[in-house]
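Coordinates in review
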Amino acid sequence: RMVESAVRSLLLLATVTVPTSTELAPTWRDGVLLSMPRLYEPDGAYLPLVTLAKQIWRDGMIVLTSGDSRMNDLVLNWLHHAHDLGFTNALVLCWERRLFAQLSARGIPAHDSSGLLREWCPSRLTSHLQRVFMERLLTIAALGKSGREA
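Residues numbered from 1 in each chain as written. Predicted model: local features only at pLDDT ≥ 70, side-chain atom pairs only at ≥ 80, totals over all residues. Heavy atoms only, no water.

**Comments concerning the overall build of the chain**
For the chain, the helix and strand inventory stands at 6 helices and 5 strands. Ordered by position from the N terminus, the helices and strands of the chain form the series α-β-β-α-β-α-β-α-β-α-α. The burial tally for the chain puts 43% of its 150 residues in the buried class. Restricting the contact set of the chain to residue pairs at least 6 apart, pairs at least 24 apart contribute 60%. Looking at the chain as shown, the accessible area adds up to about 8300 Å², and 57% of this sits on carbon and sulfur atoms. (Helix = DSSP H or I, 4+ residues; strand = E, 2+ residues; numbered from the N terminus. Buried < 20%, exposed > 50% of the residue type's maximum accessible area, 1.4 Å probe, protein only. Contact = heavy atoms within 4.5 Å. Areas by Shrake-Rupley, 256 points an atom, 1.4 Å probe, with all protein chains shown as cover.)

Next comes the structure, spelled out in structure tokens:
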């Protein structure tokens, strides 16, 4: 409930309509997405991510970071230090397929979130960073609903 309340508050600040569980369809006006593109249900669009997270969770916790191929070195540096500190439960949300392919080839737990991010493109969130921020919130909410802390 607390995660859901926080997500709703942040989405309202971003002028995005938060659908209730009975509103399954996104809200559109004049070709602009006015609501979240999907609900943050762990058994819906986030099922592959939740399944991956459950494989690496430790003490009920997942440590998340995200990036794209322009941030490859930064993501790898972050992972190196996270592992040095004992956080072997780190998971990377990849905002493009190129980074996902690079990390997967190295055996690093990563999720291709590029498709989920693209669904925000027709929204009023005009910058890439706004869309990344909102998708990261939905991801955390989905993980939280699945019983994991992110």
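Now that the structure is up, let's keep going.
**Side note on helix α2 (residues 47–56)**
Of all the residues in α2, the buried ones are Leu49, Val50, Leu52, Ala53 and Ile56. All buried residues of α2 lie within an arc of 160 degrees about the axis, which places them on one face of the element. Of the exposed residues in α2, the ones pointing more than 90 degrees away from its buried face are Pro48 and Gln55. On its buried face, α2 is in contact with β4 (90–94), β5 (110–112) and α6 (128–145). (Arc of directions from axis to C-beta.)

**Section: the pattern of salt bridges**
Close approach of charged atoms allows side chains with opposite charge to pair. By the definition in use, this model includes 4 salt bridges. The shortest N-O distance in the salt bridge between Arg58 and Asp59 comes to 3.9 Å. Residue Arg70 pairs with Asp68 through a salt bridge whose shortest N-O separation is 2.6 Å. Residue Arg70 is classed as exposed on the basis of its relative accessible area of 69%. (Salt bridge = Lys/Arg side-chain N within 4 Å of Asp/Glu carboxyl O.)

**Thoughts on the sheet that holds β5**
One open sheet accounts for 3 strands, arranged β3-β4-β5; its pairing is parallel. Single-partner strands in this sheet number two, and they are β3 (63–67) and β5. For this sheet, the mean inter-axis angle between neighbouring strands, taken without regard to orientation, is 25 degrees. Across 3 bridges, the pairing between β4 and β5 is parallel. (Pairing = 2+ DSSP bridges. Axes fitted to C-alpha atoms, helices over the stretch in contact; angles between N-to-C directions.)

**What to know about the confidence of the model for the chain**
Mean pLDDT over the chain stands at 80; residues scoring 70 or higher make up 81%. In the predicted structure, residues 12–18 sits below a pLDDT of 50 and forms 19 contacts with residues beyond four places in sequence or in another chain. (pLDDT = per-residue confidence, 0-100.)

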